[in-house]
Amino acid sequence: MGEFKVHRVRFFDYMPSGIKAMAFNRGTDRLAVARDQGSLEIFNFSDNNCQEKVIPGQAGRSVEALCWVGSRLFSAGLDGLIAEYDLENQRLKYTVDAYGGPIWSLRSNFQDTLLAVGCEDGTVKLFEVLDGRIQFQRNLDRQKGRIISLSWHPSGTKIAAGMMDMIRIFDAETGHATHRMLVERGVGAARNREVVVWSLIFLSDNTVVSGDSAGKVQIWDGVTGTLIRSHLITKWDVLALSVSHDESSLIAGTSEGTVVRFQFLLSSGERQDKEWVRTKTFKNHTHDVRALIHTDTAIVSGGMDTQLVVCPLLDKVEKNTSESALRKIAFPSKSLVSCAKKAGLLLFQFPEHLEVWRLGESEGHGKPGDSLPVKRKPEKLIQLKRKGEDHICCSALSPCGSWLAYSTASSVRLYRLQYSENSISLTKISKLPKVLSSAHQLCFSSDSTKLFASSSQSSVIVTALSESECKYVHTLKPKSGSRELVHLLAPSEDGKWLAAANANCEVHVYNIKRLKLHCTVPVYSSCPTAIAIHPTTSNLVVVHADKQVFEFSIGQKEYTDWSRKLQKQGLHPLWLERDTPITHISFNSKNPAHIIMHDVYMLCIIDQSLPLPDPKTRFYNQMTLRGLTETERVRHRHAFKICKSFQDVLCVSSLEDQSLVVVERPWLDIMSQLPDPIRQKKFAT
């Protein structure tokens, strides 16, 4: 497999933010996720649940509700603003004040023509969706309490609104309330304790389903305004509801971390009527489940424990396949760590600041698996706070460790970093080219003389760095006319090539010496998650969201023989069944045949000099090989060498001294920093 000295880094105190709201677009198979800190994430469920886009948040901005209108995404929050997002450029497009105080809920009608907004002042406000903007239409009858939840009837003629202790049904055309349904406070509840109707669903047969703070899921007749059935599913709150597209299945999320499924089935009695029956309980969270989506084949849930959980419904998918496996998405696909491999420095990105650390040093040598004594401990050199209200969206540290850059949605900042054993200084480069107003991705050339920044319409801005200034050189643009941002950049070691990948699954290779497009890799149907250029062969290695691996010869402008052989034979089933994407690729300078890549749970070294594993070969065979004789070992070896000694890996990078840096963030450390979950009494305790 290869022997490496490894810097095992666990001092990156990354803390993911809890999930606040979700919205699913059935037409495009995109899931939008809003987090506590105000950031948004877009997942492509038709491409292996790939995290396609990230829109950073702003200081003090919260998102309480999300809503798709066609391919447009809207949000609303406690600041009283309705926001639309520019998904191509991954930023806020505009905001509109609803003038109703904090906004608790946001829903669009099924016709995608109107937005309903539930406000603190007791009004439900309707906004008309127009080209490029929204426009206030009217208020519905004002109520005495805040509007917590909303749901449209599929016909678009009625709206159900959840409040304190009651549910109101409005005629959307006249704006008048037609029914008032009082919600019981539950057995043993204090008289002065109000019941909050956290979530509502208005079904096509005029049934209204509610979830409340008394732990009940209640079924109402929306025509007569009467209660049909009440299900007590928890002692705590029912925070979220979602229904399947055919309205045959319903799910409810609770403060206990459970998701309860109901199905619309024939009753067991003499009457052959259908009724909502509780069928199954899922326990995939430790804390509140605050957002739920019921897709055709799975339950998608998220909450305070920060994980996005995709739980397949076994009556909808084929059992014992990759589709039937539970998936937990805990870490971002976008890298938050940058490594200065020549200087031994690490840059950690947080939403509101950056940290620069110097790696420690060890002494002596040891056998594989040994921990070496530390001669010098790791040291935090700099903590740099971001300027303005926008959160940091990307950052980079030059290979020599002398340059640091970061970008928000509104500005790019560049610093000159100088340090010695006893002193350190950080100097801001005050004059940057005007074209460098913001960037979605940043990286430096291998000799640290150029800064590359991805801009709008898949373009890449090239700037030249000198002792104290940054000059604009050129803007690289693809011929495809793609409007998507570049999300991956990879410069070559010799400074000649730059590879750039975007969300349209395009990978372009530019000649930096001539400042023009050299070639485009044949477009593959899955989004690239990691790219890198080999320092010796100048071959481009690309890994996609569906786990496929390609090697492309930049000089020959075609796939290499090894890549063609790999595609012809196919990857091992266990490789394809992994549930997290490859997020970083590097190389072994001691052995050009080695390609190093990793996901969250494993480190892999692909040895191109060894035969590829066939589907019947034992894939994870490292421990088995140790116990074999040399002859047997040669016979059982294959190209994919997997190491699972590390846990929750955020970054693996190679240093100039041929050692590896592995940045881990153990999930147990994250869990220990979360608020305590609801304490449940266990049997016999």
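The name given to the chain in an unreviewed UniProt entry is UTP4 small subunit processome component, with Neogobius melanostomus as the source organism.

Focus on the packing of aromatic side chains
Using the criterion set out here, one finds 15 aromatic pairs in the structure. When the centroid spacing of 5.2 Å and the interplanar angle of 80° are considered together, the rings of F12 and F350 count as edge-to-face. Highlighted residues: F12 in the loop between strand 1 (6-9) and strand 2 (19-25) and F350 in the loop between strand 31 (345-349) and strand 32 (353-358), separated in sequence by 338 residues. A relative accessible area of 0% means that F12 is categorised as buried. Grouped by ring-pair contacts, the aromatic residues F11, F12, Y14, F331, F348, F350, W357 and W667 constitute a single cluster. One residue, R578, lies across the ring of W575, its end atom 4.1 Å from the ring centre.

Structural notes on the side chain of Q263
With respect to the helices and strands, Q263 occurs in strand 24 (residues 258-266). If near-sequence neighbours (up to four positions away) are discounted, Q263 is found in contact with S248, S249, E275, W276, V277, T279 and D315.

Brief notes about the pattern of salt bridges
Scanning all chains against the criterion turns up 23 salt bridges. A salt bridge links R290 to D36; the nearest nitrogen and oxygen atoms lie 2.9 Å apart. Taken together, the residues R290 in strand 26 (residues 289-294) and D36 in the loop between strand 3 (30-35) and strand 4 (40-44) connect sequence positions 254 residues apart. By relative accessible area, D36 is classed as partly exposed at 34%. A salt bridge links K471 to E469, with the shortest nitrogen-to-oxygen separation between them at 3.7 Å. Linked through salt bridges whose partners overlap, the residues forming this network are R8, R10 and E664.

Quick look at the sheet that holds strand 49 (residues 539-544)
Strand order in the open sheet formed by four strands is 48-49-50-51, with antiparallel pairing between adjacent strands. Each of the sheet's edge strands pairs with one partner strand only, and the pair in question is strand 48 (528-533) and strand 51 (558-559). Those strands touched by helix 1 (residues 561-569) are strand 50 (549-553) and strand 51, and its axis lies near 155° from that of strand 50.

Digging into the side chain of R72
As for its placement among the helices and strands, R72 is situated in strand 7 (residues 72-76). Judged by its relative accessible area of 18%, R72 falls in the buried class. A distance of 2.7 Å separates a polar side-chain atom of R72 from the backbone oxygen of L130. Engagement of the side chain of R72 in a polar contact is seen with the backbone oxygen of R133, the distance being 3.5 Å. Residues contacting R72, with those up to four places away along its chain left out, are C67, E84, Y94, V129, L130, D131, G132 and R133.

Reading the values: rules and limits
- Residues numbered from 1 in each chain as written.
- Predicted model: local features only at pLDDT ≥ 70, side-chain atom pairs only at ≥ 80, totals over all residues.
- Heavy atoms only, no water.
- Phe/Tyr/Trp six-rings, centres within 6.5 Å; stacked < 30°, edge-to-face > 60°.
- Helix = DSSP H or I, 4+ residues; strand = E, 2+ residues; numbered from the N terminus.
- Buried < 20%, exposed > 50% of the residue type's maximum accessible area, 1.4 Å probe, protein only.
- Lys NZ or Arg CZ within 6 Å of the ring centre and 35° of its normal.
- Contact = heavy atoms within 4.5 Å.
- Salt bridge = Lys/Arg side-chain N within 4 Å of Asp/Glu carboxyl O.
- Pairing = 2+ DSSP bridges.
- Axes fitted to C-alpha atoms, helices over the stretch in contact; angles between N-to-C directions.
- Polar contact = N/O pair within 3.5 Å; in protein donor to acceptor, adjacent residues only side chain to side chain.

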